[in-house]
Amino acid sequence: MKPSPTHRCTEAPQAGGPCTPGGEYQALFDATDEGFCIIRMLFDAEGQPADGVFLRANPSFEHQSGLRDVIGRHMSALPLAGDEEHWLQVFGTVARSGQSIHMSDRSEPLGRWFDVHAFRIGEPGQALVAVRFSDITHRRRIEERLGSVRRTKTVGVLFWGEGFRLVEVNDGFQEMSGYARAEAVGLTWQQLTPPEFHAVSRSAVQQVMKHGETAPYEKQYIRKDGSRWWGLFAARRVGDEVVEFVLDVTERKRAEEALRQADRHKDEFLATLAHELRNPLAPIRNGLQILRLTLPREAEAPLRTVGMMDRQLDHLVRLVDDLLDIARIGAGKVRIERQVVSLRDVLARSVEATQAAIDARRHRLDVELPPQECHVEGDLDRLAQVFSNLLSNAAKYTPPGGRIRLEFEAQPGEALVGVSDTGIGIPKEQQERVFELFSQVSDHRRHAEGGLGIGLSLVHSLVKLHGGSVSVESAGPGQGSRFCVRLPRVAAPGQAAGGGVEAPRAGGACRILIADDNADAAETLAMLFAAGGHEVATACDGVEAIARVKEFQPEIAFLDIGMPVMGGLEAARQIRGLPAGDRVRLVALTGWGQPADRERTREAGFDLHLVKPLTLEALQDALAQMRSARKGGP
Ligand code: ADP
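Just so you know, these numbers come straight off a predicted model, no measurement behind them. (Residues numbered from 1 in each chain as written. Predicted model: local features only at pLDDT ≥ 70, side-chain atom pairs only at ≥ 80, totals over all residues. Heavy atoms only, no water.)

In this structure the tally under the stated criterion is 38 salt bridges. The partner of Arg112 in a salt bridge is Asp135, and the shortest N-O contact between them spans 3.2 Å. Of this pair, Arg112 sits in strand E4 (residues 112-121) while Asp135 sits in strand E5 (residues 128-135); the two residues are 23 residues apart in sequence, bridging distant segments of the chain. Taking the relative accessible area as the measure of exposure, Arg112 reaches 23% and is therefore partly exposed. Judged by relative accessible area, Asp135 falls into the partly exposed class, the value being 21%. (Salt bridge = Lys/Arg side-chain N within 4 Å of Asp/Glu carboxyl O. Helix = DSSP H or I, 4+ residues; strand = E, 2+ residues; numbered from the N terminus. Buried < 20%, exposed > 50% of the residue type's maximum accessible area, 1.4 Å probe, protein only.)

Before going further, it helps to spend a moment on helix H14 (residues 519-531). Between its first and last C-alpha atoms H14 spans 18 Å; for 13 residues at 1.5 Å apiece the expected length is 18 Å, and the two agree. Where H14 is concerned, the buried positions are Ala521, Ala522, Thr524, Leu525, Ala526, Leu528 and Phe529. Of the residues flanking the end of H14, it is Gly533, one or two places downstream, whose phi is positive at about 90°. (Expected span 1.5 Å × (residues − 1).)

All right, on to the state of the cysteines then. Tallying each qualifying case throughout the model produces zero disulfides. Note on Cys484: no disulfide assigned, nearest cysteine sulfur contributed by Cys374 at a separation of 13 Å. Overall, the relative accessible area of 8% leaves Cys484 in the buried class. (Disulfide = S-S within 2.5 Å.)

The next point concerns the site of the ligand. Around the ligand lies a shell of 20 residues, among which Asn393, Tyr397, Gln440, His444 and Leu456 are the nearest. One nitrogen or oxygen atom from the side chain of His444 is found 2.8 Å from an oxygen atom belonging to the ligand. Backbone polar atom of Gly455 to an oxygen atom of the ligand: 3.2 Å apart, as the coordinates give it. When the ligand sits alone it has 530 Å² of accessible area, and the protein chains cover 97% of it. Of all the secondary-structure elements, those providing two or more residues to the shell around the ligand are helix H12 (380-396), helix H13 (455-465) and strand E17 (481-490). (Near = heavy atom within 4 Å. Polar contact = N/O pair within 3.5 Å; in protein donor to acceptor, adjacent residues only side chain to side chain. Areas by Shrake-Rupley, 256 points an atom, 1.4 Å probe, with all protein chains shown as cover.)

As a further point, take the sheet that holds strand E22 (residues 608-611). The parallel open sheet is built from five strands, whose spatial order is E19-E18-E20-E21-E22. Since the sheet does not close on itself, it has two edges, and those belong to strand E19 (535-539) and E22, each with one partner. Sheet twist, expressed as the average angle between the axes of neighbouring strands with direction ignored, equals 20°. Here five bridges tie strand E20 (residues 556-560) to strand E21 (residues 585-590), and the two strands are oriented parallel to one another. Each bridged residue has a counterpart across the sheet, and for Ile556 the counterpart in E21 is Arg585. (Pairing = 2+ DSSP bridges. Axes fitted to C-alpha atoms, helices over the stretch in contact; angles between N-to-C directions.)

Judged by nonpolar contacts, the single largest core of 55 residues is most densely connected at Leu343, Phe387, Leu390 and Val485. Top contributing element to this core by residue count: helix H10 (residues 300-330), with nine residues. Counting residues domain by domain, this core receives three or more from each of domain 3 (260-330) and domain 4 (339-490). Aside from chain neighbours lying at most four places away, what touches Leu343 is Cys374, Val376, Phe408, Ala415 and Val417. (Core = buried A, V, L, I, M, F, W, Y, C linked by side-chain atoms within 4.5 Å. Domains from an automatic or database assignment. Contact = heavy atoms within 4.5 Å.)

A word on the packing of helix H16 (residues 568-577) against helix H17 (residues 595-604). Running from amino to carboxyl end, H16 crosses H17 at an angle of 30°, the nearest separation of the two axes being 8 Å. By the angle between their directions, the pair H16 and H17 is classed as roughly parallel. Between H16 and H17, the contacting residues are Leu569, Ala572, Arg573 and Arg576 on the first element and Arg600, Thr601 and Ala604 on the second. Considered class by class, the residues forming the contact of H16 with H17 number three nonpolar, one polar and three charged. (Parallel < 35°, antiparallel > 145°, perpendicular 65-115°, else oblique. Nonpolar A, V, L, I, M, F, W, Y, C, P; charged D, E, K, R; others polar.)

Quick look at the structure:
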């Protein structure tokens, strides 16, 4: 017999000597998972197949068939009980006719399903039959189990075979993908997956190979017509194959995207609204300052009214600022100025900011701080805002004369700050929700003092930005509440974080230009400066501002950034281009205070950037700064 170049040298000595090594297909057949063997068929006197002798078998033969040491043995001697007649007939027909067969069949004694290819090799008289087969029991079992799932349209089922090619798909997958079964079989995952999801698919393949299954994951697939669909996939290895289940979640993904879009629109709307609300607040604030400065001391009732309006305005400014913060956090635009800060400093600031509200309701505030220092990394102002919000809520939601407690504990790696009160408490089922935007406990509305349900959402977002968490506990209505903030601790810094430095106050008269298209804002500012003894001119747009600079030659010019005809940025650039245009100190007035906004005004030639609404203190500081710069300047 001629040794076949297509199988490995596992041969009975009596079957004709060693096979030729190094045949070009030898490595392939050594490596293949399929079973491969050569049988010489024996016929009786009537020419009927009587038996067969195994001449060769590759290493996978034993694994695939479950039969050991078959070389040189007769089929009749092997545990094929009951089945040998069937195979004798099949292989006998192949040996005699020279016709190949391909069939899937079940071996009852072995309890396995085989996919069998048998074909004649050598000369017809040698009666040699080569048999290539693989165990498909797993697949058959799955297919049997799948039963009606095969027809189901709601779940796609995919079978991946060697080289991660599709070997079977159900009706559901055909519907989702637009591929008929025959078109899908043989496709690879790469052909079905858009390039940006290759990494996801590759990791799923690795998971299934390593752990036998994947966690459910989502990715896009490409339909036959090139369009895309979203699937929720989960795969599991079964024998040599991988079964994958998929749900078409395209509609859900679309709905999610629409929600995200709506959420973005809401954030944009809030940002614009808050920004627009800020503009009228500036002139109102300035108007109140003027009234306060100009009203005679004995005008008690008007002064009290001004005081009340001031407090209401503070409240309005706080609400607008909170709204703006929420919108900025939603848009990922809040920047935390990170520095190592002492928790004591943070808490001292928060207490300072809320003491008046606590006193107004005659609460007792107990502050319990441990002896050792404790530092966290973050933004002093923003962290103080967190605890101020919690303290002012405690004051608001506790009937007058209650107790509020502020304490912190320095644990290894973590600082724990607790704010508790003896107030109206929070029902258990509402506790999770209080951190959501605009959420208020319905029975609490009358205590909310005009709150919008923003404060705790802000607390939650700010704490998260600092790498911490916040939680609430309350035994229920009337039983008080306790909010607990956890923040990562850091080592003490070389030097402590300092507070604000008092700017030197201005003295002496000064020529000041104010340019703002909001006539009320310009007018009230002008009156404020005039009341301070300064000489003031106004302009309502950039072009007019430039003309005023030329004729009035101000020492300091306050320019609004958003003006019609010509905005403050362009006006500043042109002023800087005038002869002696660098002698005037330029102050930008704007509702935007992000680092990028400040960078833009600096580039346009401004010396200072003020964010509206302006306070009298901010104006005085700005004036003092600009005057000292003027003295030291060119
Ligand atoms: P609001 O402006 O309504 O105070 P917050 O976001 O600060 O908004 O709080 C959300 C809701 O959580 C409040 O409306 C209130 O129902 C509840 N809440 C907050 N703090 C307390 C507290 N200390 N005691 C009881 N309820 C509280």
